[in-house]
Amino acid sequence: MAGSSGFAKRRNSGFGEIQTGKHASSKRARANAQIDEYEESPFHESAEKDRYLITYADLITLLLGLFILLYTASNLDIQKYEKMLSAFGNVFGTEVTKIKIDAIPENVIATPLDKLKNDITQLIAENDYSKSIRMEENERGITIHILEDIVFPSGSAELKSTSKLVLKRVADIIKKLPNDIRVEGHTDNVPISSSAFPSNWHLSVARALNTAYYLIKEEGVNPDKVSIVGYAEYKPIESNDTPYGRASNRRVDIVIIK
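**Let's talk about the overall build of the protein**
Okay, step 1: Helix and strand counts for the protein come out as nine helices and five strands.
Okay, step 2: When the helices and strands of the protein are placed in sequence order, the string is α-α-α-α-α-β-β-α-α-β-α-β-α-β.
Okay, step 3: A total of 258 residues make up the protein; the buried ones form 29% of that total.
Okay, step 4: A separation of at least 24 residues holds for 65% of the contacts in the protein among residues at least 6 apart in sequence.

**Remarks on helix α7 (residues 161-174)**
Okay, step 1: When the terminal C-alpha atoms of α7 are compared, their 21 Å separation across 14 residues agrees well with the 20 Å that a helix rising 1.5 Å per residue should span.
Okay, step 2: Along α7, the residues classified as buried are Ser163, Val166, Leu167, Val170, Ala171, Ile173 and Ile174. Down the axis of α7, the sector holding all buried residues measures 150°, keeping them to one side.

**Observations concerning the side chain of serine 163**
Okay, step 1: Mapped onto the elements, serine 163 comes out in helix α7.
Okay, step 2: Given a relative accessible area of 0%, serine 163 falls into the buried group.
Okay, step 3: At a separation of 2.5 Å, a polar atom in the side chain of serine 163 contacts the main-chain carbonyl oxygen of lysine 160.
Okay, step 4: Once you skip the residues sitting within four places of it in the chain, serine 163 turns out to touch Ile150 and Val151.

**Concerning helix α5 (residues 112-126)**
Okay, step 1: Along its 15 residues, α5 runs 21 Å from first to last C-alpha, staying within 8% of the 21 Å computed at 1.5 Å per residue.
Okay, step 2: Those residues of α5 that fall on the buried side of the exposure criterion are Leu113, Leu116, Ile120, Leu123 and Ile124. For α5, the angular spread of the buried residues around the axis is 95°, confining them to a single face. Turned more than 90 degrees away from the buried face of α5 sit Asn118, Ala125 and Glu126, all of them exposed.
Okay, step 3: Here the buried face of α5 lies against β1 (133-137), β2 (141-147), α7 and β5 (251-257).
Okay, step 4: Looking one or two residues beyond α5, the residue adopting positive phi is aspartate 128, at roughly 55°.

**Focus on the sheet that holds strand β3 (residues 181-186)**
Okay, step 1: Spatially, five strands are ordered β1-β2-β5-β3-β4 in an open sheet, and the strand pairing comes out mixed. The sheet is open, and its two edges are formed by β1 and β4 (226-230), each paired on a single side. Direction aside, the axes of adjacent strands within the sheet are offset by 20° on average.
Okay, step 2: The sheet contact formed by β1 and β2 spans five bridges and is antiparallel. By the bridge assignment, glutamate 136 is partnered in β2 with threonine 143.

**A closer look at the pairing of β3**
Okay, step 1: Along β3, five of the six residues are buried, which leaves the element largely enclosed by surrounding structure.
Okay, step 2: Taken together, the five bridges between β3 and β4 define a ladder with parallel strand orientation. For isoleucine 181, the partnering residue across the bridge sits in β4 and is valine 226.
Okay, step 3: Following the chain from β3 across helix α8 (residues 200-217) to the adjacent parallel β4, one finds a crossover that is right-handed.

**Description of the side chain of asparagine 179**
Okay, step 1: In this fold, asparagine 179 is placed in the loop between α7 and β3.
Okay, step 2: On the basis of relative accessibility, which here comes to 13%, the residue asparagine 179 falls in the buried class.
Okay, step 3: From its side chain, asparagine 179 meets the backbone oxygen of isoleucine 257 in a polar contact 2.9 Å long.
Okay, step 4: Those residues in contact with asparagine 179, other than ones at most four positions away along the chain, are Leu113, Lys225, Ile256, Ile257 and Lys258.

**Considering the pattern of salt bridges**
Should their charged atoms come close, side chains of opposite charge can pair.
Okay, step 1: Inspection of the entire model under this criterion finds twelve salt bridges.
Okay, step 2: Of the charged contacts, one joins arginine 250 and aspartate 188 as a salt bridge, the two residues approaching to 2.6 Å between their closest N and O atoms. A residue pair is termed long-range when its members are at least 10 positions apart, and arginine 250 in the loop between α9 (243-249) and β5 and aspartate 188 in the loop between β3 and α8 qualify at 62 residues.
Okay, step 3: Look at arginine 250 and you get partly exposed, because its relative accessible area is 22%.
Okay, step 4: Here the salt bridges do not stand alone but share partners, grouping Glu148, Asp188, Arg207 and Arg250 into one network.

**Observations regarding the environment of isoleucine 124**
Okay, step 1: Relative to the assigned elements, isoleucine 124 resides in helix α5.
Okay, step 2: Along the backbone, isoleucine 124 and methionine 135 are eleven residues apart, and their C-alpha atoms lie at a distance of 9.3 Å.

**A short note on the packing of α5 against α7**
Okay, step 1: Relative to each other, α5 and α7 sit at 160°, their axes nearing to 10 Å. Between α5 and α7, the angle is such that the two are roughly antiparallel. Crossing handedness for the pair α5 and α7: right-handed. Of α7, the residues touching α5 (which contributes Leu116, Asp119, Ile120 and Leu123) are Arg169, Val170, Ile173 and Ile174.

Cut-offs applied
Residues numbered from 1 in each chain as written. Predicted model: local features only at pLDDT ≥ 70, side-chain atom pairs only at ≥ 80, totals over all residues. Heavy atoms only, no water. Helix = DSSP H or I, 4+ residues; strand = E, 2+ residues; numbered from the N terminus. Buried < 20%, exposed > 50% of the residue type's maximum accessible area, 1.4 Å probe, protein only. Contact = heavy atoms within 4.5 Å. Expected span 1.5 Å × (residues − 1). Arc of directions from axis to C-beta. Polar contact = N/O pair within 3.5 Å; in protein donor to acceptor, adjacent residues only side chain to side chain. Pairing = 2+ DSSP bridges. Axes fitted to C-alpha atoms, helices over the stretch in contact; angles between N-to-C directions. Right-handed = clockwise from strand over helix to strand, strands pointing away. Salt bridge = Lys/Arg side-chain N within 4 Å of Asp/Glu carboxyl O. Parallel < 35°, antiparallel > 145°, perpendicular 65-115°, else oblique. Left-handed = near helix turned anticlockwise from the far one by under 90°.

Right under this line is the structure:
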């Protein structure tokens, strides 16, 4: 009996040690798990140092959304707006009341050359100059063709008395512009030979010079912006084969340079 009792105690003692070992091992495992969980927790001190990034990211996202909304509002497409409302109505199963938004017309900003064209067109219409003054726009700028019959006697470079009124009205329009102005003289292809004008070159230059000088001296056009040139018969706007064409080619052009 004594031997059996001693064996039982030893067995129980060994079993107890085994149980104790297992319990200690289990406690260590739980402790390690708690340490790992503590270190990985976002509320740990080391993790809290980077928590501002969450707030910062939220702020950036909100700002991005705000700017997108502002851009969308500034470029409102009425058709897209109505489609969006219809889509919301389909999602929520209700009919969405559409707010009517009238399209805002774009403001058309008139340039100085646009205003010049309107003023010249009005000048021609109000004074019945359609047969004597023409306007043309090209890559150089705006060209005002003033035909010979309204400014010069045939074969002469002296301004008519009636031409001064025409030039005054033109000067009132062009002298306020910042653009450079070129006065160009032209003739038809009929040769001229006189003591005053040995050739069409002389005549075209003299007509351009007298026109420019009048605009500067009498009408106050800034001389810094004015230049003159003579083309003789080499820049026709009509054929020289007809009287009408030759009359159209005998002219002075006032070019407002772009």
